[in-house]
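Single-letter residue listing:
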Amino acid sequence: MSTARPVLRAFRRPWLWLAGWILLFALVAVGSLLPPSGLPPVLPGLDKLQHFIGYAVLSAYGVMLFARMRPQALAALVVIAFGIVLEFAQAAWTVDRMGDSADAMANALGALAGLVVSATPIAGWLQQLDKRLWRPL
């Protein structure tokens, strides 16, 4: 008889933290598909760094949500696939954006870098915040 190991870390409000992750995906999608004129200006030469950081945050959030390495790695793969799909969407659905393989690479490298969080105390930050927000009175 085996006991099932939890997929998510122990949260008092797991739905809230999952919703936060989904919201981050939505913000990245909107920011990627809106006309550039509707967004804050990008500093010259920092576009790829912004991609890297954005996808590292998405992946690191996944690490903070999921309890084990396998779901964390799957979350990073979802983040990478999401970045690739958005690059194709930019090419297909927008007139003022273009898909860029260098952006997709920066996204993927950022997602992989986000996995590094699993080996640091940062991995538990969401749980700590959850406990502080909903501690018994």
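The structure displayed is predicted, hence computed values, not measured ones.

(A) Region of the structure containing the overall build of the chain. In terms of regular secondary structure, the chain is built from five helices and zero strands. Going from the N terminus to the C terminus, the chain shows its helices and strands as α-α-α-α-α. Taken along its principal axes, the extent of the C-alpha atoms in the chain is 55 × 35 × 25 Å. Evaluated residue by residue, the chain yields a buried proportion of 35% over its 137 residues. Sequence-distant contacts in the chain: of pairs separated by 6 or more residues, those separated by 24 or more amount to 83%. On the chain, roughly 8600 Å² of surface is accessible, and the fraction owed to carbon and sulfur atoms is 73%. Between the averaged position of the 11 positive side-chain charges in the chain and that of its 6 negative side-chain charges there is a distance of 23 Å.

(B) Quick peek at the packing of aromatic side chains. On inspection of all chains with the given rule, the structure shows six aromatic pairs. When the centroid spacing of 4.8 Å and the interplanar angle of 80 degrees are considered together, the rings of Phe25 and Phe82 count as edge-to-face. A residue pair is termed long-range when its members are at least 10 positions apart, and Phe25 in helix α1 (residues 14–33) and Phe82 in helix α3 (residues 69–93) qualify at 57 residues. Judged by its relative accessible area of 13%, Phe25 is buried. Phe82 sits in the buried class, given a relative accessible area of 18%. Three or more aromatic residues joined by ring pairs make a cluster, and in this case those are Trp21, Phe25, Tyr55, Phe66 and Phe82.

(C) Geometry of helix α2 (residues 47–65). For α2, with 19 residues, the first-to-last C-alpha span of 27 Å sits near the 27 Å given by 1.5 Å per residue. Buried residues of α2: His51, Tyr55, Ala56, Leu58, Ser59, Ala60, Tyr61, Gly62, Val63, Met64 and Leu65, and no others. Looking at the buried residues of α2, the elements they touch are α1, α3, α4 (101–115) and α5 (125–133).

(D) Representation of the packing of α1 against α2 in the model. Direction vectors running N to C along α1 and α2 enclose 165 degrees, while the axes themselves pass 10 Å from each other. As far as their axial angle goes, α2 and α1 are roughly antiparallel. Like other packed secondary-structure pairs, α1 and α2 cross with a definite hand, here left-handed. Of the residues in α2, those in contact with Trp17, Leu18, Gly20, Trp21, Leu24, Phe25 and Val28 of α1 are Tyr55, Leu58, Tyr61, Gly62 and Leu65. Class assignment of the residues belonging to the contact of α1 with α2 gives a composition of 10 nonpolar, two polar and no charged.

About the criteria used
- One numbering rule holds for all chains: residues counted from 1, following each sequence as written.
- Whole-chain, interface and lining totals are the exception, using all residues; otherwise, since this is a predicted model, local features are given only for residues with pLDDT of at least 70 and side-chain atom pairs are given and counted only at 80 or more.
- Hydrogens and water are ignored here; the side-chain numbers use all heavy atoms of the structure.
- Numbering of helices and strands runs from the N terminus, with a helix taken as a DSSP run of H or I at least four residues long and a strand as a DSSP run of E at least two residues long.
- Only protein chains enter the accessibility calculation, which uses a 1.4 Å probe; a residue is then buried when its area is under 20% of its type maximum, exposed when over 50%, and partly exposed in between.
- The contact criterion used is simple: two residues touch if any of their non-hydrogen atoms lie within 4.5 Å.
- Computed by Shrake-Rupley with a 1.4 Å probe, the accessible areas treat only the displayed protein chains as cover when residues are assessed.
- Charge assignment in this entry is limited to Lys and Arg as positive and Asp and Glu as negative, and neither His nor the chain termini are counted.
- In plain terms, the charge of a residue is placed at NZ if it is Lys, CZ if Arg, CG if Asp and CD if Glu.
- Two rings from Phe, Tyr or Trp (for Trp, the six-membered ring) form a pair when their centres are within 6.5 Å of each other. A pair whose planes differ by under 30 degrees is stacked, one over 60 is edge-to-face, and the rest are tilted.
- Multiplying 1.5 Å by the residue count of a helix minus one yields the expected span of that helix.
- For helices, the fitted line uses only the C-alpha atoms of the stretch in contact; every axis is such a line through C-alpha atoms, and the angle between N-to-C directions lies from 0 to 180 degrees.
- Orientation labels follow simple angle bins: below 35 degrees gives roughly parallel, above 145 gives roughly antiparallel, 65 to 115 gives roughly perpendicular, and whatever is left gives oblique.
- Left-handed is the label given to a crossing in which the near helix is rotated counterclockwise from the far helix by less than a right angle, and right-handed is the label when the rotation is clockwise.
- Under the grouping applied here, Gly and all other residues not named as nonpolar or charged are polar, the nonpolar ones being Ala, Val, Leu, Ile, Met, Phe, Trp, Tyr, Cys and Pro and the charged ones Asp, Glu, Lys and Arg.

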